[in-house]
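The residues making up each chain are set out below.
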Amino acid sequence: VVYPVARGSGPMMSVLLSVLLLGEKPSLLGWIAVAAILTGVFVSAGADNLFRGPGGNRRHLGVFWGTLTGICIAAYTVLDGWAIKTLAMSPILFYAVGLAFRSMLLAPFALQHTSALSAQWRSHRASIIAVGLLSPFAYLLVLFAVQIAPLSYVAPVREISMLLGTFVGAALLKESLKPSQTIGAVVMLAGVAALAYA
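Keep in mind the model is a prediction, meaning the values are calculated, not measured.

About the thresholds
- Residue indices begin from 1 for each chain and proceed along its sequence in written order.
- With the structure being a predicted model, the display of local features is reserved for residues of pLDDT at least 70 and the display and counting of side-chain atom pairs for 80 or more, all residues being used for whole-chain, interface and lining totals.
- Note that water and hydrogens are dropped before the side-chain values are worked out from all heavy atoms of the structure.
- With axes taken as lines fitted to C-alpha atoms, and helix axes fitted only over the stretch in contact, angles between N-to-C directions fall between 0 and 180 degrees.
- Note on conventions: DSSP H or I runs of at least 4 residues are helices, E runs of at least 2 residues are strands, and numbering of each starts at the N terminus.
- The scheme is simple: roughly parallel for angles under 35 degrees, roughly antiparallel for over 145, roughly perpendicular for 65 to 115, oblique for anything else.
- Handedness of a helix crossing follows the sense of rotation of the near helix relative to the far helix, less than a right angle counterclockwise being left-handed and clockwise being right-handed.
- The contact rule is simple, with two residues in contact once any of their heavy atoms fall within 4.5 Å.
- Any residue that is not Ala, Val, Leu, Ile, Met, Phe, Trp, Tyr, Cys, Pro, Asp, Glu, Lys or Arg is counted as polar, Gly included; the first ten are nonpolar and the last four charged.
- Here a polar contact is recorded for every N or O atom pair within 3.5 Å, except that within protein the pair must consist of a potential hydrogen donor and a potential acceptor, and residues adjacent in sequence are included only if both atoms are side-chain atoms.
- Like charges within 9 Å and nonpolar side chains (Val, Leu, Ile, Met, Phe, Trp, Tyr) within 5 Å are joined into patches, using only residues over 30% in relative accessible area that form no salt bridge.
- Only the protein chains shown count as cover for residues, and all accessible areas are computed by the Shrake-Rupley method using a 1.4 Å probe.
- The salt bridge criterion pairs a side-chain nitrogen of Lys or Arg with a carboxyl oxygen of Asp or Glu, the two atoms within 4 Å.
- Accessibility here uses a 1.4 Å probe with only protein chains present; expressed as a share of the type maximum, an area under 20% marks a residue as buried, one over 50% as exposed, and anything in between as partly exposed.
- A pair of aromatic rings is counted whenever rings of Phe, Tyr or Trp (Trp by its six-membered ring) have centres within 6.5 Å, and the orientation is called stacked for planes under 30 degrees apart, edge-to-face for over 60 and tilted otherwise.

A. Structural detail: the packing of helix 1 (residues 2-22) against helix 2 (residues 28-45). Relative orientation of the contacting elements helix 1 and helix 2 amounts to 165°, with a least axis distance of 7 Å. What the angle tells us is that helix 1 and helix 2 run roughly antiparallel. The interaxial crossing formed by helix 1 with helix 2 has right-handed handedness. Mapping the contact onto sequence places Tyr3, Pro4, Val5, Arg7, Gly8, Ser9, Pro11, Met12, Val15 and Val19 in helix 1 and Trp31, Val34, Leu38, Val41, Phe42 and Ala45 in helix 2. Tallied by class, residues from the contact of helix 1 with helix 2 come to 13 nonpolar, two polar and one charged.

B. The arrangement of the side chain of Glu24 in detail. In this fold, Glu24 is placed in the loop between helix 1 and helix 2. A polar contact is formed between the side chain of Glu24 and the side chain of Ser152, at a distance of 2.8 Å. Not counting chain neighbours up to four residues away, the residues in contact with Glu24 comprise Ser18, Val19, Lys85, Pro150, Leu151 and Ser152.

C. Highlighting the packing of helix 4 (residues 91-111) against helix 5 (residues 114-148). As a packed pair, helix 4 and helix 5 sit with axes 11 Å apart at the nearest point and diverge in direction by 155°. Compared by their axis directions, helix 4 and helix 5 come out roughly antiparallel. Viewed along their axes, helix 4 and helix 5 form a crossing whose handedness is right-handed. On the side of helix 4, the interface is formed by Pro91, Ile92, Phe94, Tyr95, Ala110 and Leu111, while helix 5 contributes Thr114, Leu117, Pro136, Tyr139, Leu140, Leu143, Phe144 and Gln147. Tallied by class, residues from the contact of helix 4 with helix 5 come to twelve nonpolar, two polar and no charged.

D. Focus on a nonpolar patch on the surface. Among the surface-exposed residues, Val2, Leu61, Phe64, Trp65, Leu68 and Ile71 lie close enough to one another that they form a single nonpolar patch of about 560 Å² accessible area. Looking at which element gives the most residues to the nonpolar patch, the answer is helix 3 (residues 56-86), with five residues. Topologically, Trp65 is positioned in helix 3.

E. Broad picture of the environment of Arg7. For Arg7, the location among the structural elements is in helix 1. Taking relative accessible area as the criterion, Arg7 reaches 22% and is therefore assigned partly exposed. Aside from chain neighbours lying at most four places away, what touches Arg7 is Val41, Glu159, Ser161 and Met162.

F. Expanded view of the packing of aromatic side chains. Considering all chains together, one arrives at two aromatic pairs under this definition. Here the aromatic rings of Phe64 and Trp65 are separated by 5.1 Å at their centres, their planes lie at 75°, and the arrangement is edge-to-face. Since its relative accessible area comes to 46%, Phe64 is described here as partly exposed. On the numbers, 5.4 Å between centres and 40° between planes, the contact of Tyr95 with Tyr139 is tilted. Of this pair, Tyr95 sits in helix 4 while Tyr139 sits in helix 5, placing them 44 residues apart in sequence. By the burial criterion, Tyr95 is buried, and Tyr139 matches it.

G. Focus on the environment of Ile71. Tracing the backbone shows Ile71 in helix 3. On a C-alpha basis, the gap between Ile71 and Leu141 in space is 22 Å, while along the polypeptide they are 70 residues apart.

Have a look at this one:
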């Protein structure tokens, strides 16, 4: 329940906030494309299971925490857009400052567990280096995209990473694909194609 709500509500609220706070005005085709991508995200993430099965109270909690996560996603996405578009900050400078701030916040916790960190480094060095390089690179690409395209278009397209993760999981980890994931993927890709012409 948490996952589809968070993955769908985050970009949805980002789009609405970019219109309300940043003054963006998507075209009609842009709105249709964004709606298609968000629909595909909900379907791929498992929104069909939101209202099935037992556990009504737990489902309500799931919707609550998923929505709260979505609000956080929308908040940092719109903050990114405001810093890059309105303040005209360099994406590299903006990311470096944010990374330094996060590092200062996390340092006290990390320093309390240096032996555990050392053990993780010895066991998973290659994966840590790969994630340490690819994650910032991906985020910088998003920030550069925000510099040249409307945030209301970039925010939903970011969720294509979920689509790629689904198919990589199926190929490399031999996970089975549900029909809803395939349908969601097709709808998302149609939305991205439409955005190219919006």
